[in-house]
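# Fold and contact review
This is what each chain is made of:
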Amino acid sequence: MSELTNIKNIEVAKIVKSFDYQARRSFDEVLIRNLANSMEKNGFLQNIIVVANMDDTYMLVAGETRYKAATEAGLEAIPALVYPYGTDMDMLIKISVQENSNRSALTAYEQFLLFNRLMEEKKVFLPAQLEKYFEGAFSLSQIRKVLSYGSMPKEIIDDAEKGKMQSVHVIDQMRTTFRRIVKNKKISMNKVNFKERVALSIDIWDKYILPVYRKIRDENIGKTEAILMLKKIGGKQKEIKSILWTKNEARISMKELSQEKKEELKAVLSDFFANME
């Protein structure tokens, strides 16, 4: 681990880059304005954290809201805890996450984006590996829950972050319903390729779950009734199974379906979707 330099005043103009792994995606403009007003009267009260670049400039690691407020307040220099050039990036990521969490919890979607990037770039593939990577900053159950956002439409995620859908139980039931439709034996997708699987997954969200979700959201339906509505989504699975499965339980691919069977499947699904409106 690299040694820290002392906290010192640095020129705001020399902070030339935000942290590459900044997890926070949205900033409260009202908070920034109020903080800027406070800085104009009282000065900059708490340091930010930066890491030095090779050319006497700095990359911001933590404190972006304070940095934005200082810029708006017209401050020329602010106190910063400066890590030297070459400081371990994994260490800086953990510092950034901890600082963000200490001030205002990252949203689930912001956590998901960070986890997803780390999984891709640092080859940290399993939830248990992420838990170890963050040294306990996130629990294993929290990581698993956040990663499941990856299968959900952005509309639901955005609503959850804006407080339009606050029931964790309803969101969990949507994920459960999706998994049941996509993965259970009755409508298995084991014999379709990746492109077809993605297309079918999107179709399931769009036609099965989202119409019910929007009704729950727009009519402010209570948790218990909402969960019951979502559980009913699988009501046509037996009819679908009779079309897509042979008597010996072998899955028929969409390419193998006769035109007659395709029309039968379309009729079943169309009737089901109509009942969901």
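In this report, we go over the structure that sits alongside the text. (Residues numbered from 1 in each chain as written. Predicted model: local features only at pLDDT ≥ 70, side-chain atom pairs only at ≥ 80, totals over all residues. Heavy atoms only, no water.)

### Focus on helix α2 (residues 64-73)
When we look at burial in α2, the residues that qualify are E64, R66, Y67, A69, A70 and A73. Buried residues along α2 sit against β2 (15-18), α1 (29-42), β3 (48-52), β4 (58-62), β5 (77-83) and α3 (89-103). Following α2 by one or two positions, G74 has its phi on the positive side, about 80°. (Buried < 20%, exposed > 50% of the residue type's maximum accessible area, 1.4 Å probe, protein only. Helix = DSSP H or I, 4+ residues; strand = E, 2+ residues; numbered from the N terminus. Contact = heavy atoms within 4.5 Å.)

### Points about the sheet that holds strand β1 (residues 7-11)
If you walk across this open sheet you meet the five strands as β1-β5-β3-β4-β2, and the pairing is mixed. Of all the strands in the sheet, just β1 and β2 have a single pairing partner and so form its edges. Direction aside, neighbouring strands of the sheet carry axes that sit 50° apart on average. Summarising the sheet, β3 and β5 pair through four bridges and their orientation is parallel. Looking at β5, one finds that I48 is bridged to A80. Across the sheet, α3 is in contact with β3, β4 and β5; its angle to β4 comes to roughly 50°. (Pairing = 2+ DSSP bridges. Axes fitted to C-alpha atoms, helices over the stretch in contact; angles between N-to-C directions.)

### A closer look at unusual backbone geometry
A positive phi is found at D56, a non-glycine position, where the angle reads about 70°. Here D56 is to be found in the loop between β3 and β4. Even without a glycine there, the phi angle at N220 is positive, about 50°. The topology assignment puts N220 in the loop between α9 (194-218) and α10 (223-231).

### So, the packing of aromatic side chains
Enumeration over the complete set of coordinates arrives at six aromatic pairs. Between F19 and Y21, the ring centres sit 6.2 Å apart and the planes meet at 55°, which makes this aromatic pair tilted. As far as the burial class goes, F19 and Y21 line up, both buried. Their ring planes at 20° and their centres at 5.0 Å tell us that F178 and W205 sit as a pair that is stacked. One end of the pair, F178, is in helix α8 (residues 168-183); the other, W205, is in helix α9, and 27 residues separate them in sequence. For the pair formed by F178 and W205, the shared burial category is buried. Cluster of aromatic residues (ring-pair linked, three or more members): F115, Y133, F134 and F138. One cation-aromatic arrangement involves K94 over Y133; the distance from NZ or CZ to the ring centre is 5.0 Å. (Phe/Tyr/Trp six-rings, centres within 6.5 Å; stacked < 30°, edge-to-face > 60°. Lys NZ or Arg CZ within 6 Å of the ring centre and 35° of its normal.)

### Quick look at helix α6 (residues 140-147)
If you check which residues of α6 are buried, you get I143, V146 and L147. Across the axial projection of α6, the buried residues extend over an arc of 95°, all falling on one side. Residues S141 and R144 are exposed on α6 and point more than 90 degrees away from its buried face. The inward-facing, buried residues of α6 contact α4 (108-121) and α5 (127-133). (Arc of directions from axis to C-beta.)

### A look at the nonpolar core
L130, F134 and M174 are the most contacted members of the largest nonpolar core, which totals 54 residues. Here the element with the most residues in this core is α9; it accounts for eight residues. When near neighbours in sequence (up to four residues on either side) are disregarded, L130 contacts F115, L118, M119, V124, I143 and L147. Counting 19 residues, the second-largest nonpolar core is a separate cluster that includes M39, F44, Y58 and A69. (Core = buried A, V, L, I, M, F, W, Y, C linked by side-chain atoms within 4.5 Å.)

### As for the pattern of salt bridges
Inspection of the entire model under this criterion finds 14 salt bridges. Put simply, K207 and D203 hold a salt bridge, and the shortest N to O gap is 3.2 Å. Taken together, the positions of K207 and D203, both in helix α9 and four residues apart, correspond to about one turn of that helix. We classify K207 as partly exposed; its relative accessible area is 35%. Among the ionic pairs, K215 bridges to E219, the shortest N-O distance being 3.2 Å. Overlapping salt bridges bring together E155, R214, R217 and D218 as one network. (Salt bridge = Lys/Arg side-chain N within 4 Å of Asp/Glu carboxyl O.)

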